[in-house]
Structure formats: structure tokens, C-alpha cells
Amino acid sequence: MNRNTRAAHKALLKAWTPRKAKNAMRILLSYYLSRWRRIPMMMGFPFSVSIEPTTSCNLRCPECPSGLRSFSRPTGMLSPDLFNAFLNQTEGHLVYLNFYFQGEPFLHPTFLDLVEGSVKRSIFTSTSTNAHYLNVKTAERVVDSGLHRLIISLDGASQDVYAAYRKGGQVEKVLEGIKNVAEARKRKGKLNPEIVVQNLLVKPNIHEKQQVELLAKSLGADRVVFKTAQVYDLKADHYLVPDEPEFSRYKKTEGGGLEIKNPLLNQCWRMWSGCVITWDGKVVPCCFDKDASHQMGTLQEAPFVKIWQSESYQNFRRAILSSRSEIDICKNCTEGTKVWA
């Protein structure tokens, strides 16, 4: 573990105030009592939330609703006023804020202002990006914002392999972005953000797995992580699903298809510890609800804490505890199984 990763871990620990730790213990107790009794109960508030700066994206990735432009919900940008109202309601229990759901965060015109405001409230912040907008000026602004963790998608070491999934993307832009942030961090004498390069493992790029790791670290990345790919068309011969079982979240069925390795037990920690908020204020259970089809409420109509403990949210948790495998967004979920290869 290098010093930048250690600094990120220290920042995360620092975000755990006694009040937030007490809230997390209430959440943990609620979760285990709910599993034991098979009746949902909620005695706290989420300590980890993902919020969506925008659904806009510059790429056309084939298994991404944002890239495919296949959303049933509108495209737009997170309002700073809506975001600040959310922070006012949640800063007392929020530890980790991930600025990502769908879309490319750096397309939001004031994205780094939102990050800076969160950091000032002692909340650990992260985001995920395709890195096409990390020029020298933006890289310096990233460092100045105080962002704690920057996850950069690098799905190949060569252009042809990278573009097999990142349609419309330029691998040189990604490599340049990694280098720009690492150099800006060094120039300014800062340890933040931790640069995490994420490699989505698909059949076209498996052979460059080691090359991606070496290349990313040579440019200044602190860690390289490998993630299995989610697909929607569960055919055994899917062109993106690797043949190597250890690099896939699916297994082949006797009928010639694919099914998730996850046994889909009637439990889900995410339903108690966190949630996702779309750019227009919809509160949804998790990141597998790409179209926000299971809305628990909207921030324009009710305070977040009221939505979190609402009857609709409790009914959804009840369904998780009784028949999770029958919920559409759960059928392709990795909760409870290995995600990182």
C-alpha cells in the first residue's frame, strides 16, 4: 500500500465521527434483526450514498444504458441547490459519498464545486470517470477540490482493444488523464486523490490484463482493480463474457444460456446501508436500478430522512427478505458474491 492509498484510508477513518459510528451500529443492528425476524426494521440512516451528477456521456459503451441512450428516464444535470439541500439533511450520518451512477461526472459544469462542498463537510468523496476530460487544468482542479478517490476506467492497453467496449473512446486520452492527475498531485504536494484504475474484464481485453496493470502504475496510478462485467443478454456465447470462469460473474446453464453465480439469498446489506439518488432527485434502492423503476420517493417532494423510513421503502426491504429472486433488478445483482476478479 503506497502513501496515497494510506492517505485515502486515513481520510475515510476521519470521516467516522462518534455520531456517525453510532448511527452505523444502529444500521447494522437493524439489518441483522431484520434478517433474523424476516421483518424489516430501520433504526438509522444510510452512511454510504451514490449520487448522479448527470446521465450524459461522451461514449457509447454497449452494456451501459447511458452509452446506449436507452434510458426510459430523462437526461439532465444535478442541481446544486438540490444537492446542497440533500447534504444539509444527511451530513450528520453520511460517511461516504460516491459521485456516480450513470453518465460521465465531468460533463457536469460545476461538478468539482459539488465535490469541494462535500469535502468541507468531512464526507469521504469518490467518483468514477472515463478520463476523457482530465486535461492539465481540470486535473489541477481535481486535486484542489479535495476529492479523496478517483476511479478511472481503463479497459485495454491498446486502442483497438480499449475501443471494443469503450465505443467512441480514445485510450491515449485515458492514459493522459491518469498522468495529468498524478503530476498535478505531485506538483501541489498533495496525496489526494487516490488514483484507482479500474479494468472491466470482457472477452476482448482479457489478454491485456497484465499490460493494463503495468501501464497504469507506470503513469502514477496507486491501485489497479479488476471488475467483472454485467450483461443483459444472457446468452452463453455473449461476445463480452470471458470464457474463463474466474473472470465472469456468470455461469453457463444446461440450456445454453448464462445465469448469475449469486444464489440470490433473501438478504441485501445495501438496502440498509446505502442508496442511490438520480440527478433529478429520485431515491432508488441501488445501482442495479438503472432506469429508476423502483422509486422510493423524490427529494423535491419529501425530506430524505422521511423517504428512507417510508412505507414504500420498508415494503421493498420486506420483499427482499421474502422473495429477492423475484425482483427484476435483483436478478442480475452481485450482492453476496465475488465482484472483483
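Heads up: the structure comes first, above all this text.
Reading the values: the criteria
Residues numbered from 1 in each chain as written. Predicted model: local features only at pLDDT ≥ 70, side-chain atom pairs only at ≥ 80, totals over all residues. Heavy atoms only, no water. Helix = DSSP H or I, 4+ residues; strand = E, 2+ residues; numbered from the N terminus. Rg over C-alpha atoms; globule rule 2.2 N^0.38 Å. Buried < 20%, exposed > 50% of the residue type's maximum accessible area, 1.4 Å probe, protein only. Disulfide = S-S within 2.5 Å. Expected span 1.5 Å × (residues − 1). Contact = heavy atoms within 4.5 Å. Pairing = 2+ DSSP bridges. Axes fitted to C-alpha atoms, helices over the stretch in contact; angles between N-to-C directions. Phe/Tyr/Trp six-rings, centres within 6.5 Å; stacked < 30°, edge-to-face > 60°. Lys NZ or Arg CZ within 6 Å of the ring centre and 35° of its normal. Right-handed = clockwise from strand over helix to strand, strands pointing away. Core = buried A, V, L, I, M, F, W, Y, C linked by side-chain atoms within 4.5 Å.

Undergrad: Whenever I open this one, the overall build of the protein confuses me. Can you help?
TA: Looking only at helices and strands, one finds 12 helices and 11 strands in the protein. Its C-alpha atoms give the protein a radius of gyration of 20 Å, within 12% of the compact-globule value 20 Å for 341 residues. Referenced to the eigenvectors of the C-alpha coordinate spread, the extents of the protein come out at roughly 55 × 50 × 40 Å. A burial count over the protein gives 56% of its 341 residues as buried.

Undergrad: Before we go on, may I ask you to explain the state of the cysteines in this structure?
TA: Linking two cysteines covalently through their sulfur atoms gives a disulfide. Going through the model one piece at a time under the given rule, you end up with zero disulfides. Cysteine 57 forms no disulfide, and the closest cysteine sulfur to it belongs to cysteine 61, at a distance of 6.1 Å. For cysteine 57, a relative accessible area of 17% puts it in the buried group. Residue cysteine 268 stays outside any disulfide, its sulfur separated by 5.6 Å from that of cysteine 333, the closest cysteine.

Undergrad: Teacher, can you tell me more about helix H8 (residues 171-187) here?
TA: Residues spaced three or four apart along an α-helix point in a common direction, a consequence of the helix completing one turn every 3.6 residues. With 17 residues, H8 should cover 24 Å at 1.5 Å per step; its first-to-last C-alpha distance of 24 Å lies within 8% of that length. When we look at burial in H8, the residues that qualify are Val171, Val174, Leu175, Gly177, Ile178, Asn180, Val181, Ala182, Ala184 and Arg185. Each element contacted by the buried residues of H8 is listed here: helix H1 (3-14), helix H6 (136-145), strand S4 (149-153), helix H7 (159-163), strand S5 (194-201) and helix H9 (209-218).

Undergrad: Explanation requested: the sheet that holds strand S11 (residues 297-298) in the structure shown.
TA: Within a sheet, neighbouring strands are paired by backbone hydrogen bonds and run either parallel or antiparallel to one another. Taken in spatial order, the nine strands line up as S6-S5-S4-S3-S2-S1-S9-S10-S11 in an open sheet, and their pairing is mixed. The two strands at the open ends of the sheet, each matched to only one other strand, are strand S6 (223-228) and S11. Sheet analysis places S5 next to S6, joined by six bridges and oriented parallel. Within S6, the residue paired with glutamine 198 across the bridge is valine 225. With respect to the sheet, H8 is in contact with S4 and S5, its orientation differing from that of S5 by roughly 160°.

Undergrad: What is the right way to read the packing of aromatic side chains from this model?
TA: What characterises a pair of aromatic rings is the spacing of the ring centres plus the angle enclosed by the ring planes. In this structure the tally under the stated criterion is 12 aromatic pairs. Ring geometry for phenylalanine 47 versus tryptophan 269: centroids 6.1 Å apart, planes at 50°, classification tilted. Of the two residues, phenylalanine 47 is situated in the loop between helix H2 (18-37) and strand S1 (48-51) and tryptophan 269 in the loop between strand S8 (258-260) and helix H10 (270-273); the sequence distance between them amounts to 222 residues. On the accessibility criterion, phenylalanine 47 (14% relative accessible area) is buried. Taking 5.1 Å as the distance between ring centres and 75° as the angle between the ring planes, the aromatic pair formed by phenylalanine 106 and phenylalanine 111 counts as edge-to-face. A single burial state applies to phenylalanine 106 and to phenylalanine 111, both of which are buried. Here the aromatic cluster, defined as three or more aromatic residues joined through ring pairs, consists of Trp16, Tyr31, Tyr32, Phe47, Trp269 and Trp272. The ring of tryptophan 308 carries arginine 317 above its face, with NZ or CZ at 4.5 Å from the centroid.

Undergrad: How should the pairing of S4 be read in this particular structure?
TA: One face of the sheet, then the other: side chains in a regular strand alternate in exactly this way. Counting buried positions over the five residues of S4 gives five, a clear majority of the element. Where strand S3 (residues 124-129) meets S4, four bridges bridge the pair, whose relative direction is parallel. Its bridge partner being in S4, threonine 129 is matched across the sheet by isoleucine 152. Between the parallel elements S3 and S4, the chain passes through H6 in a crossover that is right-handed. In this structure, S4 lies alongside S5, joined through five bridges in parallel fashion. Note on S5: the bridge partner recorded for serine 153 is glutamine 198.

Undergrad: Honestly, the pairing of S3 in this entry has me stumped. Any pointers?
TA: Along S3, six of the six residues are buried, which leaves the element largely enclosed by surrounding structure. Here S3 shows a buried face lined by Phe124, Ser126 and Ser128 and a second buried face lined by Thr125, Thr127 and Thr129. Where strand S2 (residues 96-99) lies against S3, four bridges are found, and the strand directions are parallel. Directly across from leucine 97, in S3, lies its bridge partner threonine 125.

Undergrad: Quick question: what am I supposed to make of the nonpolar core here?
TA: A general feature of soluble globular proteins is that nonpolar side chains tend to end up buried together. Formed by 92 residues in total, the largest nonpolar core has its most connected members in Phe86, Leu97, Leu154, Ile277 and Val283. Residue contributions to this core peak at seven residues, all from H8. Leaving out residues up to four positions away in the same chain, leucine 97 has contacts with Val49, Ile51, Phe83, Phe86, Leu87, Ser118, Ile123, Phe124, Thr125 and Ser126.

Keep in mind that these numbers describe shape and distance, not what the molecule does.
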